[in-house]
Amino acid sequence: MAIEQYWGTGRRKTSVARVRIIPGGEGSITVNKKPLEEYFDRSDHVQVARRPMEHVERLGEFAVHVNVRGGGNTGQAGAISHGLARALVKADESLKPTLKKGGFLTRDPRMVERKKYGQKGARARFQFSKR
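All of these numbers come straight from a predicted model, not from anything done at the bench. (Residues numbered from 1 in each chain as written. Predicted model: local features only at pLDDT ≥ 70, side-chain atom pairs only at ≥ 80, totals over all residues. Heavy atoms only, no water.)

A.B. asks: What am I meant to see in the overall build of the protein here?
C.D. replies: Counting its regular elements, the protein contains 4 helices and 5 strands. In terms of overall size, the protein is more extended than a compact globule, its C-alpha atoms giving a radius of gyration of 18 Å where 131 residues would be expected to give roughly 14 Å. Along the longest, intermediate and shortest principal axes, the C-alpha atoms of the protein span 75 × 30 × 25 Å. Across the 131 residues in the protein, those meeting the buried criterion constitute 35%. Charge centroids of the protein, computed over 27 positive and 13 negative side chains, lie 16 Å from each other. (Helix = DSSP H or I, 4+ residues; strand = E, 2+ residues; numbered from the N terminus. Rg over C-alpha atoms; globule rule 2.2 N^0.38 Å. Buried < 20%, exposed > 50% of the residue type's maximum accessible area, 1.4 Å probe, protein only. Lys, Arg positive; Asp, Glu negative; His and termini not counted. Charge placed at Lys NZ, Arg CZ, Asp CG, Glu CD.)

If you want it as structure tokens, here you go:
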């Protein structure tokens, strides 16, 4: 007997989150085998990761398991949010308009701009001296 589960992949900056939700779970969210509150040290990252479930009012209905790699805390929280929204849509297609309107299904395209040659950084130049 296979357990009913839904997958969603979320991305933000250089972070990638693979989110698996299981209906009828106890409402726990684990990130890399740790509870969500223990994994993120800042409460705003916890809120960002949970926001799609709060938006559709499905907070205690699923057990959520997340594997996340790459980037920093902010990027990882955003990737979890994106992946969770995608998994929720696979679980219940009627949530799609609500999540889309809330902006949870849109991949944030902002990335770090690359460093250019002959310059100190992406836009910062080396100090110029006239004499």
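A.B. asks: So what exactly am I meant to see when it comes to the side chain of Gln119 here?
C.D. replies: Relative to the assigned elements, Gln119 resides in the segment after helix 4 (96-102). For Gln119, a relative accessible area of 14% puts it in the buried group. The contact partners of Gln119, leaving out residues within four places of it in the chain, are Ala124, Arg125 and Phe126. (Contact = heavy atoms within 4.5 Å.)

A.B. asks: Sorry if this is basic, but what is going on with the environment of Arg11 here?
C.D. replies: Within the secondary structure layout, Arg11 lies in strand 1 (residues 6-12). With relative accessibility at 37%, the residue Arg11 sits in the partly exposed group. Look past the residues within four positions of Arg11 in its chain and what remains in contact with it is Val16, Ala79, His82, Arg86 and Arg107.

A.B. asks: Any chance you could explain unusual backbone geometry here in plain terms?
C.D. replies: Leaving glycine out, the prevailing phi sign among residues is negative, and the prevailing peptide bond configuration is trans. A positive phi is found at Lys13, a non-glycine position, where the angle reads about 50°. In this structure, Lys13 sits in the loop between strand 1 and strand 2 (15-23). Classification of Lys13 as partly exposed rests on a relative accessible area of 38%. A positive phi angle, near 55°, is found at Glu57, a position not held by glycine.

A.B. asks: Before we go on, may I ask you to explain the sheet that holds strand 3 (residues 29-31) in this structure?
C.D. replies: Two orientations exist for strands paired in a sheet by backbone hydrogen bonds: parallel and antiparallel. Strand order in the open sheet formed by 5 strands is 1-2-5-3-4, and the pairing between neighbours is mixed. With one partner strand each, in any of the chains shown, strand 1 and strand 4 (34-35) form the two edges of the open sheet. Relative to strand 2, strand 1 runs antiparallel, the two being bridged by 7 bridges. Looking at strand 2, one finds that Arg12 is bridged to Ser15. Sitting on the sheet, helix 3 (residues 73-91) touches strand 1, strand 2, strand 3 and strand 5 (62-69), and the angle it makes with strand 1 is about 150°. (Pairing = 2+ DSSP bridges. Axes fitted to C-alpha atoms, helices over the stretch in contact; angles between N-to-C directions.)

A.B. asks: I tried to follow a positive patch on the surface on my own but got confused; where do I start?
C.D. replies: Together, Arg11, Arg86, Lys90 and Arg107 make up a region of like positive charge exposed at the surface. With respect to the secondary-structure elements, Lys90 resides in helix 3. Classification of Lys90 by relative accessible area gives exposed; the value is 56%. (Patch = residues over 30% accessible without salt bridge, like charges linked within 9 Å, V, L, I, M, F, W, Y side chains within 5 Å. Areas by Shrake-Rupley, 256 points an atom, 1.4 Å probe, with all protein chains shown as cover. Salt bridge = Lys/Arg side-chain N within 4 Å of Asp/Glu carboxyl O.)

As far as function goes, none of this settles anything; it's purely spatial.
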